[in-house]
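Observations on chain architecture
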Amino acid sequence: MADCLFCAIIAGTTPAHIVLETPEVVGFLDIRPVFKGHTLIVPREHVPTMVELSDELTVPLFGTARSVAAAVRTAYDAQGSFVAVNNVVSQSVPHLHVHVVPRTKGDGLRGFFWPRTKYADDAEAAEYAAKLRAVL
């Protein structure tokens, strides 16, 4: 897509710190990292959100995210990682991307993306589960 920042990075017309390239995906450092080493994994094909992701790209995209999540532990002496995908809301670039953020205990990241809530009771939780089951 002509006006997509991530498509421009993939095409090499916009500079980025590329960490990996495969025939299906590209990984590069986020320019506004939560922590240094924060990496974005994107499909080469312009896919706006996870909902539009084809079955053929699902394994390459998330398999690569898994590999990067393992690699950040060694590369950055991290204890783990935070892996996330935004769909539309909070998605600053409308090209599917998986965030892999290195984490270390005590790094200060708390309640990063969402406030927590509670169901009023077990019946309300069961109602929410039933609604989703019906659509699935």
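Residues numbered from 1 in each chain as written. Predicted model: local features only at pLDDT ≥ 70, side-chain atom pairs only at ≥ 80, totals over all residues. Heavy atoms only, no water.

1. A word on the UniProt feature "active site" (unreviewed entry) in the protein chain
When the UniProt feature table is mapped onto this chain numbering, "active site" (unreviewed entry) sits at His97. Secondary-structure assignment places His97 in the loop between strand 4 (80-84) and strand 5 (98-103). If near-sequence neighbours (up to four positions away) are discounted, His97 is found in contact with Phe6, Leu40, Ile41, Val42, Ala84, Val85 and Gln91. Separated by 2.7 Å, the side chain of His97 and the backbone oxygen of His95 make a polar contact. (UniProt positions renumbered as here; feature names shortened; annotations may be inferred. Helix = DSSP H or I, 4+ residues; strand = E, 2+ residues; numbered from the N terminus. Contact = heavy atoms within 4.5 Å. Polar contact = N/O pair within 3.5 Å; in protein donor to acceptor, adjacent residues only side chain to side chain.)

2. Comments concerning the pairing of strand 2 (residues 25-29)
With 4 of 5 residues buried, strand 2 is to be regarded as a mostly interior element. When strand 1 (residues 18-21) meets strand 2, the two strands line up antiparallel, connected through 3 bridges. Looking at strand 2, one finds that Glu21 is bridged to Val26. Hairpin connection, strand 1 to strand 2: the antiparallel pair is bridged by 3 residues. (Buried < 20%, exposed > 50% of the residue type's maximum accessible area, 1.4 Å probe, protein only. Pairing = 2+ DSSP bridges.)

3. Quick word on the pattern of salt bridges
Applying the stated criterion to the full structure yields 3 salt bridges. In this structure, Glu21 engages Arg44 in a salt bridge whose closest nitrogen and oxygen atoms are separated by 3.1 Å. Of the two residues, Glu21 sits in strand 1 while Arg44 sits in the loop between strand 3 (39-43) and helix 2 (55-75), which places them 23 residues apart along the sequence. We classify Arg44 as partly exposed; its relative accessible area is 28%. A salt bridge links Glu127 to Lys131; the nearest nitrogen and oxygen atoms lie 3.6 Å apart. On the criterion of helical spacing, the pair formed by Glu127 and Lys131 is a turn pair, its members being 4 residues apart in helix 3 (residues 122-135). (Salt bridge = Lys/Arg side-chain N within 4 Å of Asp/Glu carboxyl O.)

4. Focus: the sheet that holds strand 1
The strand order across the open sheet formed by 5 strands is 1-2-3-5-4, and the pairing between neighbours is antiparallel. A single partner strand is all that each edge strand has here, and the edge strands are strand 1 and strand 4. On average, each strand axis in the sheet is tilted by 20° relative to the strand beside it, whichever way the strands run. (Axes fitted to C-alpha atoms, helices over the stretch in contact; angles between N-to-C directions.)

5. Some thoughts on helix 2
Helical periodicity: at 3.6 residues per turn, an α-helix aligns residues three or four positions apart in one direction. With 21 residues, helix 2 should cover 30 Å at 1.5 Å per step; its first-to-last C-alpha distance of 30 Å lies within 8% of that length. Taken residue by residue, helix 2 has Leu57, Pro60, Leu61, Gly63, Thr64, Ala65, Val68, Ala69 and Val72 as its buried positions. Buried residues along helix 2 sit against strand 1, strand 2, strand 3, strand 4 and strand 5. One or two positions beyond helix 2, positive phi appears at Asp77, with a value near 55°. (Expected span 1.5 Å × (residues − 1).)

6. Observations concerning unusual backbone geometry
In this structure, Asp77 takes a positive phi of about 55° despite not being glycine. Its location among the elements puts Asp77 in the loop between helix 2 and strand 4. Positive phi is not limited to glycine here, since Val88 has a value of about 70°. Here Val88 shows up in the loop between strand 4 and strand 5. Take Val88: its relative accessible area is 62%, and that puts it in the exposed class.

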